[in-house]
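Topology and contacts: notes
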Amino acid sequence: MGKILDWSNSEPESNNAPLSLILCGGALVLGLSFAPSPVREAATSALDAVANGQNPISAIANVSTNLEPSWRTKKSPEFLNKTVAIARDLGANPNHLMAIMQFESGLKADEVNRFSGATGLIQFMPSTARGLGTSTSALLRMTEIEQLDYVRKYLLPYRGRLNTIGDFYASVLWPAAVGQPDSYVLFRVGSIEYRQNNGFDRNRDGVITKSEITALVSERL
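Given the structure is predicted, the values throughout are model-derived calculations rather than measurements.

**So, the overall build of the chain**
On a plain count of helices and strands, the chain comes out with eleven helices and two strands. Across the 221 residues in the chain, those meeting the buried criterion constitute 43%. Contacts in the chain between residues at least 24 apart in sequence constitute 46% of all its contacts with a sequence separation of at least 6.

Laid out in structure tokens, this is it:
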């Protein structure tokens, strides 16, 4: 057998994946079908990385680092890795980003709100999509991995300011609330915005505060 590459000392983008390791990895596939989900996903991610000439240790770390185990059963390692990378760019918690996408779209890139036309993972409004140089129809044709690029593009102006899940979600729902206290009022009864988001007003007092939007989204964590 050929020499097994020492991945711990190799560069992440190395193309020196040994054939012996690839073949041995392939032999593990059947056994992985009986492994616990987190083990199976980590091993599958590592095998995919080896097959692509990438560092399997980095692939496993990317899926595992900072993400709650429950997310790993909902999306592919590629999706999770990219979400973690976006959160790192933003200086934010990737679990918060996952929770927001779960709340807004059920983590579905093809989710469309039939009333507002909001589309995709974070429910891009048509005007928002145009501001990002695209359209809701174009977003709808993208894969979820491609659409994550626009999630990143939208959120990048808030880098360093998404320190809580309340601020993170405010950047999507009502950016003026980013950095504001929990008592900040986003919408009042009588406005279109209140009517569209009245489910947040659990105490039915006619106002929707930052603490109320935070509470509902936090339930996705």
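**Quick word on the environment of Arg-204**
Its location among the elements puts Arg-204 in the loop between helix H10 (192-196) and strand S2 (207-209). On the accessibility criterion, Arg-204 (52% relative accessible area) is exposed. Taking the C-alpha atoms as reference points, Arg-204 and Val-189, separated by 15 residues in sequence, lie 9.6 Å from one another. Setting aside residues no more than four positions away along its own chain, Arg-204 makes contact with Tyr-194 and Asn-198.

**Here we look at the packing of aromatic side chains**
Taken as a whole, this structure holds five aromatic pairs when the rule is applied. Centre to centre, the rings of Tyr-154 and Tyr-158 are 6.1 Å apart; their planes meet at 45 degrees, and the pair counts as tilted. With respect to burial, Tyr-154 and Tyr-158 carry one shared label: buried. The structure contains a cluster of three or more aromatic residues connected by ring pairs, namely Phe-103, Tyr-169 and Phe-200. Geometry around Phe-79 places Lys-75 over its ring, the cationic atom sitting 4.9 Å from the centre.

**Some remarks on helix H8 (residues 144-155)**
For H8, spanning twelve residues, the distance from its first C-alpha to its last is 16 Å, which sits close to the expected 16 Å at 1.5 Å a residue. Here H8 has its buried residues at Ile-145, Gln-147, Leu-148, Val-151, Tyr-154 and Leu-155. End-on view of H8: buried residues confined to an arc of 150 degrees, all on one side of the axis. If you follow the buried residues of H8, they end up packed against helix H4 (77-90), helix H5 (94-105), helix H6 (126-131), helix H7 (136-141) and helix H9 (165-173).

**Focus: the pattern of salt bridges**
Close approach of charged atoms allows side chains with opposite charge to pair. Under the definition given, this model contains five salt bridges. With its nearest N and O atoms 2.3 Å apart, the salt bridge here joins Asp-167 to Lys-210. Taken as a pair, Asp-167 in helix H9 and Lys-210 in helix H11 (residues 210-218) lie far apart in primary sequence, 43 residues in all. You can call Asp-167 buried: its relative accessible area is 9%.

**Let's talk about the side chain of Asn-197**
Mapped onto the elements of the fold, Asn-197 is located in the loop between H10 and S2. Of the residues examined, Asn-197 reaches a relative accessible area of 14% and is grouped as buried. Within the local environment of Asn-197, its side chain forms a polar contact with the backbone oxygen of Glu-193, the two atoms lying 2.8 Å apart. Setting aside residues no more than four positions away along its own chain, Asn-197 makes contact with Leu-173, Phe-187 and Ile-208.

**Describing the side chain of Asp-201**
Looking at where Asp-201 falls in the secondary structure, it is placed in the loop between H10 and S2. Look at Asp-201: it is buried, it has no salt bridge, and the nearest opposite charge is Arg-204 at 4.8 Å. In this structure the side chain of Asp-201 is engaged in a polar contact, spanning 2.6 Å, whose partner is the side chain of Tyr-194. Here Gly-206 takes part through its backbone nitrogen, which lies 2.9 Å from a polar atom of the side chain of Asp-201. Aside from chain neighbours lying at most four places away, what touches Asp-201 is Tyr-194, Gly-206, Val-207, Ile-208 and Glu-212.

**Some points on the confidence of the model for the chain**
Interpretation of the predicted coordinates at a detailed level should be avoided for regions scoring low in pLDDT. Here the chain shows a mean pLDDT of 82. Residues at 70 or above account for 71%. pLDDT under 50 marks residues 57-64. Its contacts with residues more than four places away, or in other chains, come to 18 contacts.

Calculation criteria
Residues numbered from 1 in each chain as written. Predicted model: local features only at pLDDT ≥ 70, side-chain atom pairs only at ≥ 80, totals over all residues. Heavy atoms only, no water. Helix = DSSP H or I, 4+ residues; strand = E, 2+ residues; numbered from the N terminus. Buried < 20%, exposed > 50% of the residue type's maximum accessible area, 1.4 Å probe, protein only. Contact = heavy atoms within 4.5 Å. Phe/Tyr/Trp six-rings, centres within 6.5 Å; stacked < 30°, edge-to-face > 60°. Lys NZ or Arg CZ within 6 Å of the ring centre and 35° of its normal. Expected span 1.5 Å × (residues − 1). Arc of directions from axis to C-beta. Salt bridge = Lys/Arg side-chain N within 4 Å of Asp/Glu carboxyl O. Polar contact = N/O pair within 3.5 Å; in protein donor to acceptor, adjacent residues only side chain to side chain. Lys, Arg positive; Asp, Glu negative; His and termini not counted. pLDDT = per-residue confidence, 0-100.

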